[in-house]
Amino acid sequence: MHWLTKFLISLILGGNINADSWVKTKLSKDLNTPVMTNDIPAPGKRVRQVAEEYQGTQVYHSLYLPTNWEKGKTYPVLVEYTGNKFPACGSTGEVKGANLGYGLSGGKGFIWVSMPYIQKGKKENAVTWWGDRQATIDYCKYNLPRICDEFGGDRNNLFICGFSRGAIACSYIGLADNEIASFWKGMITHDHFDGQKKWGYPESDRSFALSRLDRLNGRPALVCGNSNDYIKRYPKLGDFTFLPVPVTTIFKIPDGPVIHSHTDLWAHRDSPTRKTARSWLIQQVNSKHE
């Protein structure tokens, strides 16, 4: 650090705190996703939960209750699906590796659930692509209402979100049929979108994707990052807001845990982009949609 910068900071701080330490403290204000534990759910904790029909397996979801959570009150819910396992960008593909929902909420005001993809055989979570797609869909259908009933999730304020594979999942899983599609007040995707390209799994073609997106029925979607341009040609499918995410401006990569521009950690650092995303989310929570 330049000596003049140190001197000015020392003046501001009254000479009581080392300037280098102060700068490091300021930089450390980036959010840190809570580590998942096996504890009982409590405010500010992120815990591992196994659904009753999956007892005895390695299938699980994670539940985070906001720091301001109180029993008997209701809270909007962020339901997240993770990206594929992709070590080059730090994505583990695991439920416990999710970050986006925590960055968007800052740990306050929202219940945050990271849902699993169920591997074929229904014994463990899938870290790459969809596993048993129908089992994955059914898991959300059964367990999201249970979570809402037990912990005060507001069924009128459920938002599905995801990064990479999870961005595709917002539609491929979250709009797979009318029942699950009816859950959502809106969606938030980052880096990828259902139908942007054809992948190697069934019904990834754009025609199928557009049929799924028709179930969005005009509801709001915050479309972040890259690999989603085609949807701009179909504005009637949803109330789309497009948000570029300048990851390489927000971070000087590698920067701590951020090792690649394809990342779900962009909302962990204060930026105009994060402010825009959070404002959009709060606006939707407070709005009345038919």
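As shown above, the structure is provided for reference.
None of these values were measured; they are calculated from a predicted model.

*Asks:* Give a detailed account of unusual backbone geometry, specifying residues and quantitative values.
*Replies:* A cis amide bond links Ile253 to the next residue, Pro254, at an omega of -5°. Here His192, not a glycine, exhibits a phi torsion of approximately 115°, which is positive. Looking at the element boundaries, His192 is found in the loop between strand E6 (186-190) and helix H7 (206-213). Positive phi, close to 60°, is recorded for Glu203, a residue that is not glycine. If you trace the backbone, Glu203 turns up in the loop between E6 and H7.

*Asks:* I'd like a description of the layout of surface pockets, backed by residues and values.
*Replies:* A water-sized probe, rolled over the atoms, reveals where empty space remains. Computed from the structure, the largest pocket encloses a volume of approximately 530 Å³. Thr33, Asn99, Pro257, Leu265 and His268 are the residues nearest the centre of the largest pocket, which is lined by 36 residues in total. Broken down by class, the residue content of the lining of the largest pocket amounts to 13 nonpolar, 15 polar and eight charged.

*Asks:* If you had to explain the environment of Ile168 to someone new, which residues and values would you point to?
*Replies:* Among the secondary structure elements, Ile168 is positioned in helix H5 (residues 165-172). On the accessibility criterion, Ile168 (1% relative accessible area) is buried. Separated by 28 residues in sequence, Ile168 and Gln196 place their C-alpha atoms 9.0 Å apart. Discounting residues that sit within four places of it in the chain, Ile168 has contacts with Trp129, Trp130, His192, Phe193, Asp194, Trp199 and Tyr201.

*Asks:* Quick rundown of empty space enclosed by the protein? Include the residues and the values.
*Replies:* Applying the stated criterion across every chain, the model contains one cavity of 30 Å³ or more. Of the pockets and cavities examined, the largest cavity occupies roughly 30 Å³. Together, Thr82, Gly93, Glu94, Val95, Met115, Pro116, Tyr117, Asn125 and Ala126 line the largest cavity. When the residues that make up the lining of the largest cavity are grouped by side-chain class, the tally is five nonpolar, three polar and one charged.

*Asks:* Please provide a residue-by-residue account of the pairing of strand E4 (residues 111-114), values included.
*Replies:* In E4, alternate side chains face the same way, and those of Ile111 and Val113 on one face and Trp112 and Ser114 on the other are all buried. One ladder, built from three bridges, connects strand E2 (residues 61-64) with E4; its direction is antiparallel. By the bridge assignment for E4, Leu63 is matched with Val113. Sheet topology note: the strand E3 (residues 75-81)/E4 ladder contains four bridges and is parallel.

*Asks:* Lay out the nonpolar core with the relevant residues and their values.
*Replies:* For soluble globular proteins, the rule of thumb is that nonpolar side chains tend to be buried together. Ranked by internal contacts, the top residues of the largest apolar core, which has 52 residues, are Tyr81, Met115, Leu144 and Trp184. When residues of this core are traced back to their parent elements, those giving at least two are E3, E4, helix H4 (133-151), strand E5 (153-163), H5, helix H6 (178-181), H7 and strand E7 (220-224). By residue number, the principal contributor to this core is H4, which donates eight residues. Among the nonpolar cores identified, the runner-up in size contains 26 residues, and Leu100, Leu222, Cys224 and Val245 belong to it.

*Asks:* I'd like a rundown of the sheet that holds strand E8 (residues 239-243), residues and numbers included.
*Replies:* Read across the open sheet, the eight strands follow the order E1-E2-E4-E3-E5-E6-E7-E8; overall the sheet is mixed. The two strands at the open ends of the sheet, each matched to only one other strand, are strand E1 (46-49) and E8. On average, each strand axis in the sheet is tilted by 20° relative to the strand beside it, whichever way the strands run. Looking at chain direction, E6 and E7 are connected through four bridges and run parallel.

*Asks:* I'd like a description of the packing of aromatic side chains, backed by residues and values.
*Replies:* Taken as a whole and assessed by the stated rule, the structure comprises 17 aromatic pairs. Measuring from centroid to centroid gives 4.7 Å for Trp130 and Tyr172, while their planes differ by 40°, and the two rings are tilted. Placement of Trp130 in the loop between E4 and H4 and of Tyr172 in helix H5 is noted, with a sequence separation of 42 residues between them. Given the relative accessible area of 3%, Tyr172 is considered buried. Between Phe183 and Trp184 the ring centres are 5.8 Å apart and the planes differ by 80°, which places this aromatic pair in the edge-to-face class. Each member of the pair Phe183 and Trp184 is classed as buried. Ring-pair connections join several aromatic residues into one group, and the members of that group are Tyr81, Tyr117, Trp129, Trp130, Tyr172, Trp199 and Tyr201. Sitting over the face of the ring of Trp199, Lys197 holds its NZ or CZ atom 4.3 Å from the ring centroid.

*Asks:* Please provide a residue-by-residue account of H5, values included.
*Replies:* With eight of its eight residues buried, H5 lies for the most part within the structure. Every buried residue of H5 is accounted for by Arg165, Gly166, Ala167, Ile168, Ala169, Cys170, Ser171 and Tyr172. Where H5 is buried, its residues touch E3, H4, E5, E6 and H7.

Reading the values: rules and limits
- Residues numbered from 1 in each chain as written.
- Predicted model: local features only at pLDDT ≥ 70, side-chain atom pairs only at ≥ 80, totals over all residues.
- Heavy atoms only, no water.
- Helix = DSSP H or I, 4+ residues; strand = E, 2+ residues; numbered from the N terminus.
- 1 Å grid on protein atoms, 1.4 Å probe; cavity = no way out; pocket = protein on both sides within 12 Å on 5 of 7 lines; lining within 4 Å.
- Points joined across faces, edges and corners; volume = space filled by probe spheres on them.
- Nonpolar A, V, L, I, M, F, W, Y, C, P; charged D, E, K, R; others polar.
- Buried < 20%, exposed > 50% of the residue type's maximum accessible area, 1.4 Å probe, protein only.
- Contact = heavy atoms within 4.5 Å.
- Pairing = 2+ DSSP bridges.
- Core = buried A, V, L, I, M, F, W, Y, C linked by side-chain atoms within 4.5 Å.
- Axes fitted to C-alpha atoms, helices over the stretch in contact; angles between N-to-C directions.
- Phe/Tyr/Trp six-rings, centres within 6.5 Å; stacked < 30°, edge-to-face > 60°.
- Lys NZ or Arg CZ within 6 Å of the ring centre and 35° of its normal.

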